[in-house]
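# Structure at a glance
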Amino acid sequence: MFNGDYLHHLSAIHDQQDFELIICLLWGIWMDRNRVVHGGVSRQPASIVQYTTRYHEDFTRVKVPPSTAAPPWLHGFKLNVDAATNLEQKRMGIGAIIRDHNGMVVAAFSKAIEGSFRSDEMKAKVLFHALNWVLQSQLALTYIETDALRVSSALNPSSTDLSCFFESYYGCSLSFILFPSSFSLPCETNC
């Protein structure tokens, strides 16, 4: 094992698909344990294995094209953000990931938030929360990537859009003051 890190060890002795299945199984066990800790009833081990195996199969069926996004500059850090919403529960999940110039994950963040918002408002909120997290982590970003054209346009210096999501992107723009002036905020797709 590498410094007692069993996940690193498992990733070294298994191929990617088997390692992903192992991670899914560990997640299934963890999820079941949390169910019990919070007053629920434990599932049978075979049920956990069946659920997580099916989940992994569904995951591997989804073909996601490789990213065409550029890596950050040498010794730089790149922030990617995204959000998803559950309209029925009026909740959204936000997430952020920081990678180095080699594409290696340096840090990741996720959080559940109450509310249901338009796509551009969600993207502005996730960026606001992610930037606050990055500031607390004291990582020097050189590149921020979002797929929300309106958010990207609003945060670039030439923008003056004062629409209904002004509060979120204004908060993000205030956070930008604390970052080096040399990073860019491109939009990879039109959303």
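## Quick look at the sheet that holds strand 2 (residues 91–100)
Judged by pairing direction, the sheet is mixed, and its 4 strands sit side by side in the order 3-2-1-4 without closing on themselves. Only two strands of the sheet have a single partner each, and these edge strands are strand 3 (105–114) and strand 4 (141–145). For this sheet, the mean angle separating the axes of adjacent strands, direction not counted, is 20°. Sitting on the sheet, helix 4 (residues 119–137) touches strand 1 (77–86), strand 2, strand 3 and strand 4, and the angle it makes with strand 1 is about 135°.

## Describing helix 4
Here helix 4 is 19 residues long and its end C-alpha atoms lie 27 Å apart, about the 27 Å a rise of 1.5 Å per residue gives. Once helix 4 ends, the next one or two residues include glutamine 138, with phi positive near 60°.

## Remarks on the packing of aromatic side chains
As enumerated under the stated definition, the model contains 4 aromatic pairs in all. Ring centres of phenylalanine 109 and tryptophan 133 lie 5.3 Å apart, and the angle between their planes is 20°; on these two criteria the pair is classed as stacked. Of this pair, phenylalanine 109 sits in strand 3 while tryptophan 133 sits in helix 4, and the two are 24 residues apart along the sequence. Taken as a pair, phenylalanine 109 and tryptophan 133 share a single burial class, namely buried. A connected cluster of aromatic rings, assembled from ring pairs, spans Trp27, Tyr51 and Tyr55. Above the plane of the ring of tyrosine 51 lies arginine 43, whose end atom (NZ or CZ) is 5.0 Å from the centre. Positioned over the ring face of phenylalanine 117 is lysine 125, at 4.9 Å from the centre of the ring.

## Quick look at the pattern of salt bridges
Throughout the structure, instances matching the rule amount to 4 salt bridges. The residue arginine 35 makes a salt bridge to aspartate 32 at a minimum N-O spacing of 3.2 Å. With a gap of 3 residues between them, arginine 35 and aspartate 32 both fall in helix 2 (residues 16–37), about one helical turn apart. Judged by relative accessible area, arginine 35 falls into the partly exposed class, the value being 31%. On the accessibility criterion, aspartate 32 (6% relative accessible area) is buried. Taking the shortest distance from any N to any O, the salt bridge between glutamate 114 and arginine 91 comes out at 2.5 Å.

What counts, and where the lines are drawn
The residue numbering used here restarts from 1 in each chain and proceeds along that chain's sequence as written. It should be noted that, the model being predicted, local features are given only for residues of pLDDT at least 70 and side-chain atom pairs only at 80 or more, the latter also being counted only at that level, while totals for whole chains, interfaces and linings use all residues. Side-chain numbers here rest on the full set of heavy atoms in the structure, without hydrogens or water. Strands were regarded as paired on the criterion that DSSP finds at least two bridges between them. Runs of E in the DSSP output that reach at least two residues are strands. Runs of H or I that reach at least four are helices, and both are numbered from the N terminus. Comment: axis = line fitted to C-alpha atoms, over the contacting stretch for helices; angle = value between 0 and 180 degrees taken between N-to-C directions. It only takes one pair of heavy atoms within 4.5 Å for two residues to be counted as in contact. The span you would expect from a helix comes to 1.5 Å times its residue count less one. Two rings from Phe, Tyr or Trp (for Trp, the six-membered ring) form a pair when their centres sit within 6.5 Å of each other. Planes less than 30 degrees apart are called stacked, planes more than 60 degrees apart edge-to-face, and all others tilted. Note on classification: 1.4 Å probe, protein chains only; a residue is buried when its accessible area is under 20% of the maximum for its type, exposed when over 50%, partly exposed between these limits. Whether a charge sits over a ring depends on NZ of Lys or CZ of Arg being within 6 Å of the ring centre and within 35 degrees of the ring normal. We define a salt bridge as a contact between a side-chain nitrogen of Lys or Arg and a carboxyl oxygen of Asp or Glu at a distance within 4 Å.

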